[in-house]
Amino acid sequence: MEDQATGSARDAHSLPMCYRHPDRETGVRCTRCERPICPECMVSASVGFQCPECVRGTTPGQSGPPPADTRPRTIAGGTVTADPRLLTKILIGVNVAIFLVQVSVGWSFTGDFELFGRIGVEGVAEGQYYRLLTAMFLHDPQQYTHIAFNMLSLWWIGGPLETALGRARYFTLYFVSGLAGSALTYLLSSPTSASLGASGAIFGLFGATAVLIRRLNYDMRPIIALLVINLIFTFHGGIAWQAHIGGLVAGVVTGYAMVHAPRERRNLIQCGTCALVLVAALVITVIRTAQLT
């Protein structure tokens, strides 16, 4: 009743605050106790979502770990962790560490791992398929703004998304989106054009975030505006748009499976969708390789 009284006193256009995180607005309430809960506190139930206390059958403040079969889960079925942004921090750290190696070693290192079809006698077309993956962690060593913008986007978008999905699903989304972006770049770009950057994976996070916001009935306008601005820069800034579009499409498809899959068949649908995206990337790669050889 206290939360309801507080909510009624707020502006009519505002949302109540999560009872466990007073700094987070939310439009979702626990279906059992009706307390407002944010994505981090949501536990999927047969109907709607429940708060962690109701899932455990305890009252707020009660100590003791919950039973294994009733541990709090994210909206996608992932495990709620103590540090919900840990994987995002690791990804940023890996990207920055590799960038420092690029700056220290020079273009000889970058050239061994960036994505291209055929330059000289090397490239994906010659069987170096690992470049589809390694290119996701490289950035232009002469443009510090390239990695700075990507890592800021990864922190702003990736952190909340990791919290909502859980680490395993978040990492899978990042991985398949990045590979899809690399595959589409390989298919549509010039066979002698090098490509590198985490943008494909990050655009996948953008797409999944839009799906999640729609699922939670939040205001879509901020994420749509952000996507439009990024797409404008993509097509008018000399950027490899293929990676952005490939990652975005993969992120939307994978994200939809993550947050909309019914609880009874959640793992099957989520794993199956990720597998289909990876198969599509593989088929694209095989087709392009056949064209170039």
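Relevant structure appears above.
Residues numbered from 1 in each chain as written. Predicted model: local features only at pLDDT ≥ 70, side-chain atom pairs only at ≥ 80, totals over all residues. Heavy atoms only, no water.

(A) Layout of the packing of helix H10 (residues 241-260) against helix H11 (residues 266-292). Interhelical geometry of H10 versus H11 gives an angle of 165° and a closest axis separation of 8 Å. Here H11 runs roughly antiparallel to H10, going by the angle between their axes. Seen from above, H10 lies across H11 with right-handed handedness. Between H10, through Ala250, Val253, Thr254, Ala257 and Met258, and H11, the contact on the second element is made entirely by Ile269, Gln270, Thr273, Cys274 and Val277. Within the contact of H10 with H11, the residues separate by chemical class into 7 nonpolar, 3 polar and no charged. (Axes fitted to C-alpha atoms, helices over the stretch in contact; angles between N-to-C directions. Helix = DSSP H or I, 4+ residues; strand = E, 2+ residues; numbered from the N terminus. Parallel < 35°, antiparallel > 145°, perpendicular 65-115°, else oblique. Left-handed = near helix turned anticlockwise from the far one by under 90°. Contact = heavy atoms within 4.5 Å. Nonpolar A, V, L, I, M, F, W, Y, C, P; charged D, E, K, R; others polar.)

(B) Molecular detail of helix H6 (residues 144-165). Over its 22 residues, H6 extends 30 Å from the first C-alpha to the last, a length consistent with the 32 Å expected when each residue adds 1.5 Å. Immediately downstream of H6, the backbone of Gly166 shows phi near 100°, a positive value. (Expected span 1.5 Å × (residues − 1).)

(C) Quick peek at the pattern of salt bridges. Taken as a whole, this structure holds 4 salt bridges when the rule is applied. Between Arg24 and Glu40 there is a salt bridge, and its shortest N-O distance comes to 2.6 Å. Of this pair, Arg24 sits in the loop between helix H1 (2-9) and strand S1 (43-44) while Glu40 sits in the loop between H1 and S1, and the two are 16 residues apart along the sequence. A relative accessible area of 31% places Arg24 in the partly exposed class. For Glu40, a relative accessible area of 12% gives the class buried. (Salt bridge = Lys/Arg side-chain N within 4 Å of Asp/Glu carboxyl O. Buried < 20%, exposed > 50% of the residue type's maximum accessible area, 1.4 Å probe, protein only.)

(D) How the structure looks around the packing of aromatic side chains. Evaluation of the coordinates by the stated rule reveals 5 aromatic pairs. Note on Phe99 and Tyr144: the rings are 5.5 Å apart at their centroids and 80° apart in plane angle, and the pair reads as edge-to-face. Pair noted here: Phe99 is in helix H3 (residues 86-105) and Tyr144 is in helix H6, with a separation of 45 residues, a long-range link. Note on Tyr144: relative accessible area 54%, which makes it exposed. A centroid spacing of 5.6 Å and a plane angle of 65° characterise the contact between Phe203 and Phe206, whose relative ring orientation is edge-to-face. Here Phe203 pairs with Phe206, and both are found in helix H8 (residues 199-215), just 3 residues apart, close to one helical turn. Residue class for Phe206 comes out buried when judged on its relative accessible area of 3%. The structure contains a cluster of three or more aromatic residues connected by ring pairs, namely Phe109, Phe113 and Tyr130. When the ring centre of Tyr19 is taken as reference, the NZ or CZ atom of Arg35 above it lies at 4.4 Å. (Phe/Tyr/Trp six-rings, centres within 6.5 Å; stacked < 30°, edge-to-face > 60°. Lys NZ or Arg CZ within 6 Å of the ring centre and 35° of its normal.)

Bear in mind that shape data such as this cannot, by itself, settle questions of function.
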